[in-house]
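# Descriptive analysis of the structure
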Amino acid sequence: MKNLNYSAAHIKYLKKNRRRGILINVARAGILALILLMWELCAQFEIIDPFITSSPSRVIKTIAELYEGGNLFYHIGITLMETIAGFVIAVIVGYAVAVLLYMSDSIRKVFEPYIVVLNSLPKIALGPLIIIWIGTGYTAIIFMTVIVAIIVCIMNTLTGFLSVDRTMLTLMQAMGASKRATLTKLIIPASLPTLINTLKVAVGLSWIGSIMGEYIVSRAGLGYLIVYGGQVFKLDLVMTATIILCVLAGGMYGIIAMIEKKLTK
Amino acid sequence: MILRFEDVGYTYHTLSGETEAVKGLNFGILRGQFVAVIGPSGCGKSTILSLAAGLIAPSSGRVVRENAEFGYMLQRDALFPWRTVEGNLFLPLEVKGRNTRAMRENALSLAEKYGLKDFLKKKPSELSGGMRQRVALIRTLAAQPDILLLDEPFSALDYQTRLEVCDDVQGIIKGEQKTALLVTHDISEAIALSDKVIVLSARPARVVAEHTIDFGGNIPKRRRECGEFAATFEKLRCELGI
């Protein structure tokens, strides 16, 4: 990379590439700024009714109010805890189950129909059962998050395991590798890209699970704020919670993307 | 004899029926010999290697191995892209639980001897097709096998690379004084590389003919230049029924 003897044409090419990257970032930020500005102006001049649509300044005010009341980080903390706990459990347990299903053809065949049905089932249908069985605390919401995310974790990971190059498997077999050696030396490293993809999908699903859980039953959290705000017609609160959610979900995705860069450099 | 097939038969079972891949197969390989097996495509050539390595047991007859260690080289190099060249060379040692300092040093000295020294820390994706196949061969040799089983190891390469790698591999195997059993559908490759060519029939595979090749020394390039090359080629072609 550190070759300083580039031709003029190559330097021009690199420059063009860099300029394009900058332009894309500027456009991205620009769109966000434009939306916020239009939103604020429309609300200020009452082209739209700020009582229903809220506005950026109202959102900032609501955030300040929540912060002063000591509620901001309380609600964020609860939802974040539920989401991360659900995510971690779903990914780890999902991976373990996938390994188990991979190791035995027969077990996989036996469980296949159950997994397919569980995957198609809208998990929210289990809401009432979860409340009755587990209660109304945050464990119920974590449980909800886990069942929303885990099936996809299992299926994605297993697909990754099963799509490992046949020739490489033959090679391991020809070397007389044990099942365990095949798993640790080949299957797990070869399916690393699938794992990262699974993490990305699981982040999104975990947020769906935790917010859905809070919609059904909760006394705190961002999902709770949204439902509560809707019920008492405080749309500033609804908008604020939604925007905070956007930031948090984006941040969590960003962390996974960073891990990906580190692992696949 | 390091390896002997005695009246070996093998039948595949799949849900759609059974297939007799090999029937009444008899041949033997001497220590240090380079034997090529050719046959019409789909005649069960790979099955023979699996039988030789003991990955599958014959349905009838027996395969006699004179306590020899086997090493496999496949059609595609199957180098693990997440490991460096060096990491790939150590793979069989790790898998076979022989990852000792001496074995690793032996692998590295082989790599050095055959021109891989500067590539050890590189990833396979940075290597050319021919170089990758060379790494695959050194990987196979790293576990110090007595007999190498080569399953059309050049068929995934383009023609020029193929000629080059073919000579390269033969040179290394002869240099290390290893025994080799090569299956291929390429007649000229079989003649250029081996001491003995075994011609198989269509499925179920039996031995049609055996030829000892001894012209042109042991150098593939010189053999191809010999007059006998074309004659042998024609003879084998006839026997294959092409």
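Residues numbered from 1 in each chain as written. Chains lettered and ligands numbered in written order. Predicted model: local features only at pLDDT ≥ 70, side-chain atom pairs only at ≥ 80, totals over all residues. Heavy atoms only, no water.

### Let's talk about the overall build of chain B
Looking only at helices and strands, one finds eight helices and nine strands in chain B. In summary, chain B has a C-alpha radius of gyration of 18 Å against a globular reference of 18 Å for 242 residues, a match within 12%. Here the C-alpha coordinates of chain B stretch approximately 45 × 45 × 35 Å along the principal axes. Pairs at least 24 apart in sequence give 72% of the contacts found in chain B among residues at least 6 apart. (Helix = DSSP H or I, 4+ residues; strand = E, 2+ residues; numbered from the N terminus. Rg over C-alpha atoms; globule rule 2.2 N^0.38 Å. Contact = heavy atoms within 4.5 Å.)

### A word on the interface of chain A and chain B
The interface of chain A with chain B comprises 14 residues on the first partner and 16 residues on the second. With both chains or domains summed, chain A and chain B bury close to 1,400 Å², and 76% of this area falls on carbon and sulfur atoms. Across the chain A-chain B interface, the total number found is two salt bridges. Arg 76 of chain B is the partner of Asp 165 of chain A in a salt bridge, and the nearest nitrogen-oxygen pair spans 3.2 Å. Our count for the chain A to chain B interface comes out at three residue pairs in polar contact (both at pLDDT 80 or more). Only helix H8 (166-174) and helix H9 (179-190) of chain A provide two or more residues apiece to the side of chain A that touches chain B. The dominant element in the side of chain A that touches chain B, judged by the number of residues it contributes, is H8 of chain A, at seven residues. Looking at the side of chain A that touches chain B residue by residue, the classes come out as nine nonpolar, three polar and two charged. (Buried area = accessible area lost by both parts, 1.4 Å probe. Salt bridge = Lys/Arg side-chain N within 4 Å of Asp/Glu carboxyl O. Polar contact = N/O pair within 3.5 Å; in protein donor to acceptor, adjacent residues only side chain to side chain. Nonpolar A, V, L, I, M, F, W, Y, C, P; charged D, E, K, R; others polar.)

### Focus: the domain arrangement of chain A
By the assigned domains, chain A splits into domain 1 (8-48) and domain 2 (61-263). Between domain 1 of chain A and domain 2 of chain A, the C-alpha centre-to-centre distance is 32 Å. (Domains from an automatic or database assignment.)

### Some remarks on the domain arrangement of chain B
Residues and elements named next belong to chain B. Each domain of chain B was delimited in the assignment, giving domain 1 (3-68 + 146-240) and domain 2 (80-144). The distance between the C-alpha centroids of domain 1 and domain 2 comes to 25 Å. Residue-level contacts link 13 residues of domain 1 with 12 residues of domain 2. Approximately 1,000 Å² of surface area, both sides summed, lies buried where domain 1 meets domain 2, with 68% of it carried by carbon and sulfur atoms. On the domain 1 side of the contact with domain 2, Leu 148, Ile 172 and Glu 176 bury the most area, a combined 43% of that side's loss. Linking domain 1 with domain 2 are two salt bridges, by the criterion used here. As a salt-bridge pair, Arg 134 and Asp 168 come within 2.8 Å of each other at their nearest N and O atoms. Run the count over domain 1 and domain 2 and you get four residue pairs in polar contact (both at pLDDT 80 or more). Top element by residues in the side of domain 1 that touches domain 2 is helix H5 (residues 159-175). It accounts for seven residues. The residue inventory of the side of domain 1 that touches domain 2, partitioned by class, reads seven nonpolar, two polar and four charged.

### What about helix H1 (residues 45-53) of chain B?
Residue and element names in this part refer to chain B. Of all nine residues in H1, seven are buried; the element is thus mostly enclosed. Burial in H1 covers these residues: Lys 45, Thr 47, Ile 48, Leu 49, Ser 50, Leu 51 and Ala 52. One or two residues past the end of H1 sits Gly 54, with phi positive at roughly 80 degrees. (Buried < 20%, exposed > 50% of the residue type's maximum accessible area, 1.4 Å probe, protein only.)

### So, the packing of aromatic side chains
Overall, the coordinates contain nine aromatic pairs over all chains when judged by the stated rule. Between the aromatic rings of Tyr 224 of chain A and Tyr 228 of chain A, the centroid separation amounts to 5.9 Å while the plane-to-plane angle is 15 degrees, which identifies the pairing as stacked. Remark: Tyr 228 of chain A and Tyr 224 of chain A occur in helix H11 (residues 222-231); sequence separation between them is four residues, near one turn of the helix. Here Tyr 228 of chain A falls in the partly exposed class, since its relative accessible area comes to 33%. Judged by centre distance (5.2 Å) and plane angle (90 degrees), the ring pair of Tyr 10 of chain B and Tyr 12 of chain B falls under edge-to-face. What links up through ring pairs into an aromatic cluster is the set Tyr 95, Tyr 102 and Phe 161 of chain A. The ring of Phe 215 of chain B has Arg 223 of chain B sitting right over it, with the charged end atom 6.0 Å from the ring centre. (Phe/Tyr/Trp six-rings, centres within 6.5 Å; stacked < 30°, edge-to-face > 60°. Lys NZ or Arg CZ within 6 Å of the ring centre and 35° of its normal.)

### As for the sheet that holds strand S7 (residues 179-184) of chain B
Residue and element names in this part refer to chain B. Overall, mixed pairing links the six strands, which are arranged S5-S6-S7-S3-S8-S9 in an open sheet. Unpaired on one side and paired on the other, strand S5 (70-73) and strand S9 (207-212) mark the two borders of the sheet. Taken pair by pair, the neighbouring strands of this sheet meet at an average axis angle of 15 degrees, ignoring direction. (Pairing = 2+ DSSP bridges. Axes fitted to C-alpha atoms, helices over the stretch in contact; angles between N-to-C directions.)

### A look at the environment of Arg 31 of chain B
Residues and elements named next belong to chain B. Considering the arrangement of structural elements, one finds Arg 31 in the loop between strand S2 (17-29) and strand S3 (34-38). For the pair Arg 31 and Ala 68, spaced 37 residues apart in sequence, the C-alpha separation works out to 10.0 Å. Non-local contacts of Arg 31, meaning those with residues more than four positions away in its chain, are made with Ile 2, Glu 66, Asp 146 and Thr 179. At 2.9 Å, the side chain of Arg 31 forms a polar contact with the side chain of Glu 66.

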